[in-house]
Amino acid sequence: MSGQSGVVYELWAGGAAAAAEPLLALARAVFADFDDAYLLGRLPLAIDPMLWLAREGEAWVGFKLGYRRGPDLLYSWLGGVHPRMRGRGVASELMVRQHDQAAKLGYRWVETRTRAANNAMIVLNLRHGFQVAGFESDPGGAPVVIQRKRLGD
(Lines give C-alpha, C1' and ligand atoms only; values in the text may rest on other atoms or scores of the structure.)
Protein backbone atom coordinates (compact mmCIF):
# COMPACT_ATOMS: atom_id res chain seq x y z
CA MET A 1 0.00 0.00 0.00
CA SER A 2 2.62 2.52 -1.02
CA GLY A 3 1.81 6.12 -1.64
CA GLN A 4 3.66 9.20 -2.74
CA SER A 5 7.26 9.94 -1.73
CA GLY A 6 7.99 6.69 0.08
CA VAL A 7 5.01 6.91 2.41
CA VAL A 8 3.27 3.59 3.05
CA TYR A 9 -0.39 3.48 4.10
CA GLU A 10 -1.87 0.60 6.03
CA LEU A 11 -4.89 -0.36 8.03
CA TRP A 12 -3.73 -1.28 11.56
CA ALA A 13 -4.40 -4.93 12.18
CA GLY A 14 -3.48 -5.01 15.88
CA GLY A 15 -5.78 -4.18 18.74
CA ALA A 16 -6.37 -0.65 19.93
CA ALA A 17 -4.31 -1.20 23.08
CA ALA A 18 -1.26 -2.21 21.03
CA ALA A 19 -1.48 1.07 19.11
CA ALA A 20 -1.65 3.29 22.21
CA GLU A 21 2.07 3.96 22.77
CA PRO A 22 3.04 4.71 19.15
CA LEU A 23 -0.12 6.80 18.76
CA LEU A 24 0.75 8.80 21.86
CA ALA A 25 4.23 9.52 20.52
CA LEU A 26 2.84 10.74 17.20
CA ALA A 27 -0.01 12.73 18.80
CA ARG A 28 2.51 14.57 21.00
CA ALA A 29 4.41 15.60 17.86
CA VAL A 30 1.24 16.59 15.99
CA PHE A 31 -0.69 18.52 18.64
CA ALA A 32 0.63 21.23 20.92
CA ASP A 33 -0.11 20.42 24.58
CA PHE A 34 -1.58 16.98 23.79
CA ASP A 35 -3.14 15.37 26.86
CA ASP A 36 -2.30 11.64 27.00
CA ALA A 37 -5.41 11.01 29.12
CA TYR A 38 -7.59 12.12 26.19
CA LEU A 39 -6.40 9.18 24.11
CA LEU A 40 -5.82 6.65 26.88
CA GLY A 41 -9.22 7.24 28.48
CA ARG A 42 -11.24 7.05 25.29
CA LEU A 43 -9.39 4.47 23.20
CA PRO A 44 -10.55 1.43 25.23
CA LEU A 45 -14.18 2.58 24.82
CA ALA A 46 -14.01 2.85 21.02
CA ILE A 47 -16.33 0.35 19.34
CA ASP A 48 -14.91 -1.28 16.20
CA PRO A 49 -11.91 1.07 15.99
CA MET A 50 -10.47 1.72 12.54
CA LEU A 51 -6.90 3.05 12.47
CA TRP A 52 -5.21 4.06 9.24
CA LEU A 53 -1.48 4.75 9.42
CA ALA A 54 1.02 6.52 7.22
CA ARG A 55 4.57 5.27 7.71
CA GLU A 56 7.91 6.35 6.39
CA GLY A 57 10.11 3.35 6.99
CA GLU A 58 9.16 2.18 10.48
CA ALA A 59 8.25 5.68 11.69
CA TRP A 60 4.57 6.54 12.04
CA VAL A 61 4.13 9.91 10.33
CA GLY A 62 0.33 10.17 10.15
CA PHE A 63 -2.84 8.55 11.41
CA LYS A 64 -6.62 8.66 11.11
CA LEU A 65 -8.59 6.96 13.87
CA GLY A 66 -12.33 6.39 13.82
CA TYR A 67 -14.87 4.16 15.50
CA ARG A 68 -18.49 3.03 15.22
CA ARG A 69 -21.17 5.34 16.59
CA GLY A 70 -24.25 3.52 15.44
CA PRO A 71 -25.15 0.94 12.82
CA ASP A 72 -24.19 3.12 9.85
CA LEU A 73 -22.10 5.98 11.32
CA LEU A 74 -18.31 6.08 11.55
CA TYR A 75 -17.05 8.78 13.87
CA SER A 76 -13.70 10.01 12.57
CA TRP A 77 -12.28 10.92 15.94
CA LEU A 78 -8.62 11.77 15.82
CA GLY A 79 -5.98 12.18 13.18
CA GLY A 80 -2.90 14.11 12.32
CA VAL A 81 0.30 14.31 10.33
CA HIS A 82 3.78 14.87 11.72
CA PRO A 83 4.80 18.50 11.11
CA ARG A 84 7.73 17.51 8.86
CA MET A 85 5.32 15.61 6.57
CA ARG A 86 2.62 18.27 6.18
CA GLY A 87 1.78 19.63 2.77
CA ARG A 88 2.43 16.31 1.02
CA GLY A 89 -1.14 15.03 0.79
CA VAL A 90 -0.79 12.55 3.66
CA ALA A 91 -3.92 13.74 5.51
CA SER A 92 -5.99 13.59 2.31
CA GLU A 93 -4.78 10.09 1.50
CA LEU A 94 -5.54 8.86 5.02
CA MET A 95 -9.04 10.36 4.79
CA VAL A 96 -9.74 8.78 1.39
CA ARG A 97 -8.61 5.38 2.64
CA GLN A 98 -10.67 5.67 5.84
CA HIS A 99 -13.81 6.60 3.92
CA ASP A 100 -13.32 3.89 1.30
CA GLN A 101 -12.87 1.27 4.02
CA ALA A 102 -15.88 2.56 5.93
CA ALA A 103 -18.08 2.32 2.83
CA LYS A 104 -16.87 -1.26 2.21
CA LEU A 105 -17.86 -2.11 5.79
CA GLY A 106 -21.39 -0.79 5.25
CA TYR A 107 -21.17 2.60 6.90
CA ARG A 108 -23.38 5.20 5.23
CA TRP A 109 -22.11 8.28 7.07
CA VAL A 110 -18.90 9.64 8.54
CA GLU A 111 -18.94 12.45 11.08
CA THR A 112 -16.22 14.50 12.72
CA ARG A 113 -15.83 17.37 15.12
CA THR A 114 -13.09 19.98 14.74
CA ARG A 115 -12.23 23.01 16.84
CA ALA A 116 -13.39 26.08 14.95
CA ALA A 117 -9.86 27.53 15.08
CA ASN A 118 -8.51 24.56 13.07
CA ASN A 119 -9.23 26.05 9.65
CA ALA A 120 -6.90 23.67 7.82
CA MET A 121 -8.86 20.62 9.00
CA ILE A 122 -12.25 22.21 8.34
CA VAL A 123 -11.21 23.12 4.79
CA LEU A 124 -9.75 19.64 4.19
CA ASN A 125 -13.04 18.10 5.32
CA LEU A 126 -15.03 20.41 3.02
CA ARG A 127 -12.78 19.46 0.09
CA HIS A 128 -13.57 15.81 0.78
CA GLY A 129 -17.33 16.26 0.69
CA PHE A 130 -18.22 17.04 4.29
CA GLN A 131 -20.94 19.53 5.10
CA VAL A 132 -21.30 21.58 8.25
CA ALA A 133 -23.95 19.85 10.36
CA GLY A 134 -23.80 21.92 13.55
CA PHE A 135 -21.80 23.64 16.24
CA GLU A 136 -21.08 22.97 19.90
CA SER A 137 -18.56 23.87 22.58
CA ASP A 138 -15.92 21.52 23.93
CA PRO A 139 -15.57 21.01 27.72
CA GLY A 140 -13.20 23.99 27.86
CA GLY A 141 -15.69 26.25 26.08
CA ALA A 142 -13.91 26.35 22.69
CA PRO A 143 -16.25 26.37 19.66
CA VAL A 144 -16.38 23.14 17.67
CA VAL A 145 -17.68 22.57 14.14
CA ILE A 146 -19.58 19.31 13.49
CA GLN A 147 -19.18 18.03 9.93
CA ARG A 148 -20.88 15.07 8.27
CA LYS A 149 -20.50 13.28 4.95
CA ARG A 150 -22.64 10.68 3.23
CA LEU A 151 -20.44 7.86 1.97
CA GLY A 152 -20.76 6.68 -1.59
CA ASP A 153 -21.65 10.10 -2.97
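Heads up: these notes are all about the structure in this document. (Residues numbered from 1 in each chain as written. Predicted model: local features only at pLDDT ≥ 70, side-chain atom pairs only at ≥ 80, totals over all residues. Heavy atoms only, no water.)

1. Observations concerning the overall build of the protein
So, point 1. Check the secondary structure of the protein and you find four helices and seven strands.
So, point 2. The order of helices and strands in the protein, counted from the N terminus, is β-α-α-β-β-β-α-β-α-β-β.
So, point 3. Computed over C-alpha atoms, the radius of gyration of the protein comes to 15 Å, within 12% of the 15 Å expected from 2.2 N^0.38 for 153 residues, which places it in the range of a compact globule.
So, point 4. Taking the principal axes of its C-alpha atoms as reference, the protein extends roughly 40 × 35 × 30 Å.
So, point 5. Within the protein, the proportion of its 153 residues that are buried is 41%.
So, point 6. Considering only residue pairs separated by 6 or more positions, the protein has 58% of its internal contacts joining residues 24 or more positions apart. (Helix = DSSP H or I, 4+ residues; strand = E, 2+ residues; numbered from the N terminus. Rg over C-alpha atoms; globule rule 2.2 N^0.38 Å. Buried < 20%, exposed > 50% of the residue type's maximum accessible area, 1.4 Å probe, protein only. Contact = heavy atoms within 4.5 Å.)

2. Section: the packing of aromatic side chains
So, point 1. Within the structure shown, the criterion is met by six aromatic pairs.
So, point 2. Relative to Trp60, the ring of Trp12 has its centre 5.3 Å away and its plane inclined at 70°; by these criteria the two rings are edge-to-face. With Trp12 in the loop between β1 (7–11) and α1 (16–30) and Trp60 in strand β3 (residues 59–68), this residue pair connects regions lying 48 residues apart in the sequence.
So, point 3. Judged by its relative accessible area of 16%, Trp60 is buried.
So, point 4. An angle of 25° between the planes, with centres 5.9 Å apart, marks the rings of Phe31 and Phe34 as stacked.
So, point 5. On the accessibility criterion, Phe31 (26% relative accessible area) is partly exposed.
So, point 6. According to the relative accessible area criterion, Phe34 is buried, its value standing at 18%.
So, point 7. Taken together, the aromatic side chains of Phe31, Phe34, Tyr38, Tyr67, Tyr75 and Trp77 make up a single cluster linked through ring pairs. (Phe/Tyr/Trp six-rings, centres within 6.5 Å; stacked < 30°, edge-to-face > 60°.)

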